[in-house]
Amino acid sequence: MKKLRIAILGQGRSGRNIHGAFFLSEANTFCEVVAVVEPDDYRREKAAREFGCDTYTDHTEIFGRKDIDLVVNATFSQMHYPITKDLLEHGFNVLSEKPFGRSYYECMDLIRTAKKHGVLVAAFQQTIITPAFLNVKRIIESGKLGKVHQINIKYSGFARRWDWQTLQSKCAGGLYNTGPHPIGQALALIDWDETARVAFSSLKRILTSGDGDDYAKLIITAKDRPTIDIEVISADAYAGDYVFKIYGSKGTLMSTNTNYKLKYIEDFSVYPERPVVEGFLAKANGDPAYCSEKLNFTEEESTIEGTSFDLAVYDFYKMLHDAILEGKPLTVTPEMAAQTVRIIEACHAENPLSVEFD
């Protein structure tokens, strides 16, 4: 199999610990890092040793190289749009870390730029194909839950940050940083319905040391679709009970990223189909009675193998390999990432926070 030749921009947590970690893993048999761009001397020199590749201090230094199949843009979030656009205009295929852009306009501009120059652009939203999410999607599509009426997705915890991911000037805060994951998953569960809109949103600062949000609550609705309830909160000390909770007409699914529980009624035909309106419910002696019946539930419970940092990363890069070298279509498209940013942008427009830091 021909290998996909990669250049990585940035050796921070994402560029090194997610993308770089996969490229150095035994699972990777189809990608090869040929260049790393990193302004920090220590990180750049370490990358040269680990990957055995060329290194640079600025992304413009790779212009003119013809042996790079894909550039991974793992720079600071506010740099995703301008650097990705610059690379696309110079003929490179680009994978941008999330967020894909600060606004829906920026995202669509990158898509237009890629088409104009005949190259590929993608956004790294691998949680759309993570094992836990795909399991949720499979169960919904099986019909076991009946008609789904509400989808809850919670990416919360109890932690305080004090790095650049707390700053609005860096296109950061919880919703831009973490939000693309649950929002992308939610939109995927309603088939990327273009009527989806933010019916309610609230952004706040609770524990953060910066000026970006670390509390985000939003409700998304779309015509004839389930109500979607999303939380991205840094002050939830009891957040571990679920990531996904799906309410259907026949039962409920509750799932973390490592296990799930499902409880549903297989056969409703044995229960009354209509309310009693001709009289009242009575006991054998004629006294008033309350509705009472035993519902026969079927229960399932199991663990989930693989995470968004191993199997999902593998599948994402295999998708990119096949798209760039074999011409196959992307299953996680940049248009999907643009839709997630559209929702994030709407929440920020409804909840402007004061800017405290440059």
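Look above for the structure.
Thresholds, definitions, all that
Residues numbered from 1 in each chain as written. Predicted model: local features only at pLDDT ≥ 70, side-chain atom pairs only at ≥ 80, totals over all residues. Heavy atoms only, no water. Pairing = 2+ DSSP bridges. Helix = DSSP H or I, 4+ residues; strand = E, 2+ residues; numbered from the N terminus. Axes fitted to C-alpha atoms, helices over the stretch in contact; angles between N-to-C directions. Contact = heavy atoms within 4.5 Å. Core = buried A, V, L, I, M, F, W, Y, C linked by side-chain atoms within 4.5 Å. Buried < 20%, exposed > 50% of the residue type's maximum accessible area, 1.4 Å probe, protein only. Salt bridge = Lys/Arg side-chain N within 4 Å of Asp/Glu carboxyl O.

Caption draft 1: Inspection of the sheet that holds strand 4 (residues 70-73) at higher detail. Strand order in the open sheet made by the 6 strands is 3-2-1-4-5-6, with parallel pairing throughout. In the strand order of this sheet, the two ends are held by strand 3 (54-56) and strand 6 (121-123), each with one partner. Taken over all neighbouring pairs, the strand axes of this sheet differ in orientation by 25° on average, direction set aside. For strand 5 (residues 94-96) and strand 6, the ladder comprises 3 bridges, and the chain directions are parallel. Residue pairing across strands places Ser96 opposite Ala123, the latter belonging to strand 6.

Caption draft 2: Local environment of unusual backbone geometry. The omega torsion of the bond from Lys98 to Pro99 falls at -5°, within 30 degrees of zero and hence cis. In this structure, Trp192 is a non-glycine residue whose phi angle is positive, near 55°. Of note, Trp192 is situated in the loop between helix 7 (180-189) and strand 8 (197-204). A positive phi is found at Asp224, a non-glycine position, where the angle reads about 60°.

Caption draft 3: Representation of the sheet that holds strand 9 (residues 215-221) in the model. An order of 8-9-10-7-11-12-13-14 is seen for the 8 strands of this open sheet, with the pairing classed as mixed. Unpaired on one side and paired on the other, strand 8 and strand 14 (297-303) mark the two borders of the sheet. The sheet shows a mean angle of 10° between the axes of neighbouring strands, taken without regard to direction. Bridge analysis of strand 9 against strand 10 (residues 227-233) gives 6 bridges, and the strand direction is antiparallel. By the bridge assignment for strand 10, Tyr215 is matched with Ile233. Lying on the sheet, helix 7 is in contact with strand 7 (148-154), strand 9, strand 10 and strand 11 (244-248); it crosses strand 10 at an angle near 170°. With respect to the sheet, helix 9 (residues 334-350) is in contact with strand 8 and strand 9, its orientation differing from that of strand 8 by roughly 60°.

Caption draft 4: A look at the nonpolar core. The biggest cluster of nonpolar side chains holds 70 residues, and the ones touching the most others in it are Ile6, Phe23, Leu95, Ile230, Tyr317 and Leu320. Filtering out sequence-adjacent residues up to four positions away, Leu320 remains in contact with Leu4, Leu70, Leu95, Leu120, Ala122 and Leu330. In this structure, Ile62, Val119, Ala337 and Val341 belong to the second largest nonpolar core, which totals 27 residues.

Caption draft 5: The environment of Asp109, seen in detail. By secondary structure assignment, the location of Asp109 is in helix 4 (residues 104-117). Between the C-alpha atom of Asp109 and that of Lys85, which follows or precedes it by 24 residues, the distance is 8.3 Å. Asp109 has contacts with Tyr81 and Lys85, leaving out every residue within four places of it along the chain.

Caption draft 6: Structural detail: the pattern of salt bridges. Under the defined criterion, the tally for this structure stands at 20 salt bridges. Of the charged contacts, one joins Arg65 and Asp67 as a salt bridge, the two residues approaching to 2.6 Å between their closest N and O atoms. For Arg65, a relative accessible area of 17% translates into the label buried. Residue classification places Asp67 among the partly exposed positions, given a relative accessible area of 27%. One salt bridge connects Asp109 with Lys85, and the closest N-O pair in it is separated by 2.8 Å. With a gap of 24 residues between them, Asp109 in helix 4 and Lys85 in helix 3 (residues 80-89) connect regions that are remote in the sequence.

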